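Next come the chains, spelled out residue by residue.
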Amino acid sequence: MSNKTVIELENINKIYQTGKNELQVLFDICLQIYEGDFISIVGPSGSGKTTLLNIMACLDRPTSGRYLLGGKNVKSKSNDDLSKLRNKSIGFIFQSFNLISRHTAIENVQMPLQYSDVINKKERAQKALECLELVDLTNRAKHHPNELSGGQQQRVAIARSLINNPDIILADEPTGNLDSKTSKDIIDLLKKLHESGKTIIIITHDESIAKEAMDTIRIKDGRII
Amino acid sequence: MKISYIIENIIEAKTNLLRNMPRTILTSLGIVIGITSVIILVAITDGAKNIIEQQLVSLGAKTIVLKPIGRTASGVYRGQAADFSQNELKLMRAIPSVEYVSPIVKTSNQISYRDIVQVVAVVGSNEDFSLINDWPTASGAFINRIDVQDGAKVCVLGASVQKRFFGAEKSVGKQIRIDGISFRVIGHLTEKGLTPGGRDQDDFILIPYTSLNRWDYKGQLYGISNIIISTTKTTNVDYAKFAIRKMLREQRGLLKDQFDNFQMVSYENVTKKILQTTTILKVLLSAIASISLIVGGIGIMNVMLVSVTERTKEIGIRITIGATSKDIIFQFLSESALLSFFGGLVGISLGYTLSHVASGFVGWPAIISTKSIAAACLFSAFIGIFFGIYPAYKAAKLDPIKAIRNEE
């Protein structure tokens, strides 16, 4: 793997303020992820792994510490700038797929392009079809999410995460809602993406999934162990 | 902002609104009712204004009466004043906002037909007389330009003269004598009745003013002592007066310190006041109708807020995959603007139809101007945007982490 860091966390702390009570969920997290890595983050629920993922995804801001994404500090960026950053450099895969139910598969896949510079309709459809082909779902392009199985929906979500050709793919319990057979398909797909050069970070509490990754980071009570 | 971006948002908004038709219709109902009532009220008051204006015109709102008058520098009137010349008459006609120019020369003569002999008022004028006074003939024709050019021996009878001399008998084509000279009757006028002062307006004979001097010459020519002018519009009276005054002063070689030796009478101030009143009425009525538009707007805001709540998860997904606050705001604004615009369109067609129904009730024609339709379109879209801002802003400010966990 290359020596270029894509994600660099230095002494990240996250404290939630609820009324007068403070709840610290992350303690001095230091982490470096290199281009082309395939990392799994495991930990029991409530360990802070989702908070960590949200910070890496630029959806949340750390209370203190430094976060460099692709070598750039994201602290000073506005929320809209972070939206644009996510749009270009990060692909998202969620446990509950998070497709928009009233849009078809291909429309869901195209959606990130709506917020990018690609304005040509033909170009958008073409790209979306290519991504659907990667997940072997071109024959379901016109189907709505409720007409697809869980595994198919997750594959649509993966196609969506790839549409802007991001460097990093963040997967939050991508197999949590799937049976073991389908889970394996999804993991194989992620592996294939890893082989094509993507940096993949997967959050899970399933040890069998975690061991598929190159490296596993364990987190407990907000600390890396 | 790119056009394609706007179009894309509007198409998406349209699809969303069509998906939930009953809600879309109920939501836009407030705007429909608001726009409908504004259109009807404006159409009815515009119609009323038009009728009032017509009545004012028939009462002389467009007319200017010119009289010769002499005045010394001290303000004392002199008896002798110059009549208007043929040339001045011609120049008046050339002024752009002047529509008709009619000279009035009044005299009275002995009229005889068969055994009836009476002294009757004779008015010398031209073809514009009938148009300025909105006074058509009941039968036959009015004098025309050629009659005036030639000083033809033709006459038009007032309704009272027609009755006294001919009764029910046909007068057109008959010869009557004015001071012994034979004139052919070419028509008689419709009846105008008495003035408020009790004078019979129909008791006169009208002939070309050019004929007057030809047959009644007794060592003294009849000058044009009065001119009635009508302008193209009631609002042109001011300008026409200015232009006529300038022309007459130039023609007459009046110096700066000399007063006018003519006088103009018009009613534009009265007209302005009355039309102003109808405008005030219109503004007042549409302001009342606009209240329902505001209520309609609040309805839209309400439904948009519900829509934002329903689509919290979708908004979360969109922000996560790269939508900026501008994108989200624009998405929801397009929807509320389209909703309101749709209501506006329905309101316009409904208002258009119902205006005619309402005009049947009030008894005067409704006037629907393109201006009021355009204003209604713009105003309804504005309401949609104005009342859509808060829900759209609320949507854009959602925290994507929380929003995405929201279950649909």
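Residues numbered from 1 in each chain as written. Chains lettered and ligands numbered in written order. Predicted model: local features only at pLDDT ≥ 70, side-chain atom pairs only at ≥ 80, totals over all residues. Heavy atoms only, no water.

S.K.: Go over the pattern of salt bridges with me, naming the residues and quoting the values.
M.R.: Residue and element names in this part refer to chain B. In this structure the tally under the stated criterion is 27 salt bridges over all chains. Where Asp128 meets Arg93, a salt bridge forms, and the shortest distance between an N and an O atom there is 2.7 Å. Placement of the pair is Asp128 in helix H4 (residues 128-132) and Arg93 in helix H3 (residues 86-94), with a sequence separation of 35 residues. Owing to a relative accessible area of 35%, Arg93 belongs among the partly exposed residues under this scheme. The shortest N-O distance in the salt bridge between Lys163 and Glu191 comes to 3.4 Å. Here Glu191 lies in the loop between strand E9 (181-189) and strand E10 (204-208) and Lys163 lies in helix H6 (residues 159-166), a separation of 28 residues in the sequence. (Salt bridge = Lys/Arg side-chain N within 4 Å of Asp/Glu carboxyl O. Helix = DSSP H or I, 4+ residues; strand = E, 2+ residues; numbered from the N terminus. Buried < 20%, exposed > 50% of the residue type's maximum accessible area, 1.4 Å probe, protein only.)

S.K.: Tell me about empty space enclosed by the protein, and please be specific about residues and values.
M.R.: One water molecule sets the probe size; rolling that probe over the atoms shows where empty space is left. This structure, assessed with the given rule, holds three cavities of 30 Å³ or more. By volume, the largest cavity amounts to about 80 Å³. For the lining of the largest cavity, the secondary structure elements donating two or more residues are helix H2 (79-89), strand E6 (90-93) and helix H5 (150-162) of chain A. Among the elements that take part in the lining of the largest cavity, E6(A) stands out by supplying three residues, more than any other. Here the second largest cavity defines a volume of roughly 50 Å³. Taken together, the elements giving at least two residues each to the lining of the second largest cavity come down to helix H1 (3-19) and helix H11 (325-362) of chain B. With three residues, the single largest contributor to the lining of the second largest cavity is H1(B). Looking at the lining of the second largest cavity residue by residue, the classes come out as two nonpolar, three polar and two charged. (1 Å grid on protein atoms, 1.4 Å probe; cavity = no way out; pocket = protein on both sides within 12 Å on 5 of 7 lines; lining within 4 Å. Points joined across faces, edges and corners; volume = space filled by probe spheres on them. Nonpolar A, V, L, I, M, F, W, Y, C, P; charged D, E, K, R; others polar.)

S.K.: Please provide a residue-by-residue account of the sheet that holds strand E4 (residues 64-69) of chain A, values included.
M.R.: Residue and element names in this part refer to chain A. Read from one edge to the other, the open sheet built from four strands follows the order E2-E1-E4-E5, with strand pairing classed as antiparallel. If you trace the sheet from one side to the other, it starts and ends with strand E2 (21-34) and strand E5 (72-73), each paired once. Where strand E1 (residues 5-18) and E4 come together, five bridges link them in antiparallel fashion. Counted as the bridge partner of Leu9 is Tyr67 from E4. (Pairing = 2+ DSSP bridges.)

S.K.: So what about a positive patch on the surface? Which residues, and what values?
M.R.: Side chains of A:Lys84, A:Lys88, B:Lys2 and B:Lys326 sit close together on the surface and give a patch of like positive charge. Structurally, the position occupied by A:Lys88 is in helix H2. (Patch = residues over 30% accessible without salt bridge, like charges linked within 9 Å, V, L, I, M, F, W, Y side chains within 5 Å. Areas by Shrake-Rupley, 256 points an atom, 1.4 Å probe, with all protein chains shown as cover. Lys, Arg positive; Asp, Glu negative; His and termini not counted. Charge placed at Lys NZ, Arg CZ, Asp CG, Glu CD.)

S.K.: Before we move on, could you go through the interface of chain A and chain B and cite the residues and values that matter?
M.R.: Contacts between chain A and chain B engage 24 residues on the former and 26 residues on the latter. Each partner contributes to the roughly 2,200 Å² buried at the junction of chain A and chain B, and carbon and sulfur atoms together form 53% of this total. In this structure, A:Arg102 engages B:Glu12 in a salt bridge whose closest nitrogen and oxygen atoms are separated by 3.7 Å. If you look at where chain A meets chain B, you find eleven residue pairs in polar contact (both at pLDDT 80 or more). Contributions of two or more residues to the side of chain A that touches chain B are made by H2 and helix H3 (105-114) of chain A. (Contact = heavy atoms within 4.5 Å. Buried area = accessible area lost by both parts, 1.4 Å probe. Polar contact = N/O pair within 3.5 Å; in protein donor to acceptor, adjacent residues only side chain to side chain.)

S.K.: Go over the confidence of the model for chain B with me, naming the residues and quoting the values.
M.R.: Looking at chain B, pLDDT values average 87 and 95% of them are 70 or higher. Predicted complex, confidence summary: ipTM 0.94, pTM 0.71. (pLDDT = per-residue confidence, 0-100.)

S.K.: With reference to specific residues and values, describe a nonpolar patch on the surface.
M.R.: A contiguous nonpolar patch, built from B:Leu18, B:Met21, B:Ile25, B:Phe342 and B:Val346 and spanning about 380 Å² of accessible area, is present on the exposed surface. When you line up the elements, B:Leu18 lands in helix H1.

S.K.: Any chance you could break down unusual backbone geometry for me, citing the residues and the numbers?
M.R.: Positive phi is not limited to glycine here, since A:Asp28 has a value of about 45 degrees. Tracing the sequence through the fold places A:Asp28 in strand E2.

S.K.: Report on the packing of aromatic side chains, specifying residues and quantitative values.
M.R.: Residues and elements named next belong to chain B. Under the counting rule described, the total for this entry stands at eleven aromatic pairs over all chains. Pairing Tyr113 with Phe166 gives two aromatic rings, centres 4.3 Å apart and planes at 40 degrees, and the pair type is tilted. One end of the pair, Tyr113, is in strand E4 (residues 98-113); the other, Phe166, is in helix H6, with 53 residues separating them in the sequence. With respect to class, Tyr113 is no different from Phe166; both count as buried. Seen from their ring centres, Phe386 and Phe387 are 5.2 Å apart, and the 85 degrees between their planes marks the pair as edge-to-face. (Phe/Tyr/Trp six-rings, centres within 6.5 Å; stacked < 30°, edge-to-face > 60°.)

S.K.: Explain the domain arrangement of chain B to me, using residue names and the numbers behind them.
M.R.: A common way to state how big an interface is: give the accessible area lost once the parts meet. For chain B, the assigned domains read domain 1 (3-55 + 273-405) and domain 2 (63-266). The C-alpha centroid of domain 2 of chain B is placed 57 Å from the C-alpha centroid of domain 1 of chain B. (Domains from an automatic or database assignment.)

S.K.: Outline the packing of helix H10 (residues 312-320) of chain B against H11(B), supporting the account with residue identities and numerical values.
M.R.: All names here are of chain B. Interhelical geometry of H10 versus H11 gives an angle of 140 degrees and a closest axis separation of 10 Å. As the angle between them shows, H10 and H11 are arranged oblique. For the crossing formed where H10 meets H11, the hand is right-handed. Taken together, the residues of H11 that come into contact with H10 (itself represented by Glu314, Ile315, Arg318 and Ile319) are Ile328, Gln331 and Phe332. In terms of residue class, the contact of H10 with H11 is made up of four nonpolar, one polar and two charged. (Axes fitted to C-alpha atoms, helices over the stretch in contact; angles between N-to-C directions. Parallel < 35°, antiparallel > 145°, perpendicular 65-115°, else oblique. Left-handed = near helix turned anticlockwise from the far one by under 90°.)

S.K.: Account for H3(A), with residues named and values stated.
M.R.: With respect to burial, H3(A) is a largely interior element, nine of its ten residues being buried. Buried residues of H3(A): A:Ala105, A:Ile106, A:Asn108, A:Val109, A:Gln110, A:Met111, A:Pro112, A:Leu113 and A:Gln114, and no others. Among the structural elements, H2, helix H4 (121-134) and H5 of chain A together with H1 and H10 of chain B are those in contact with the buried residues of H3(A).

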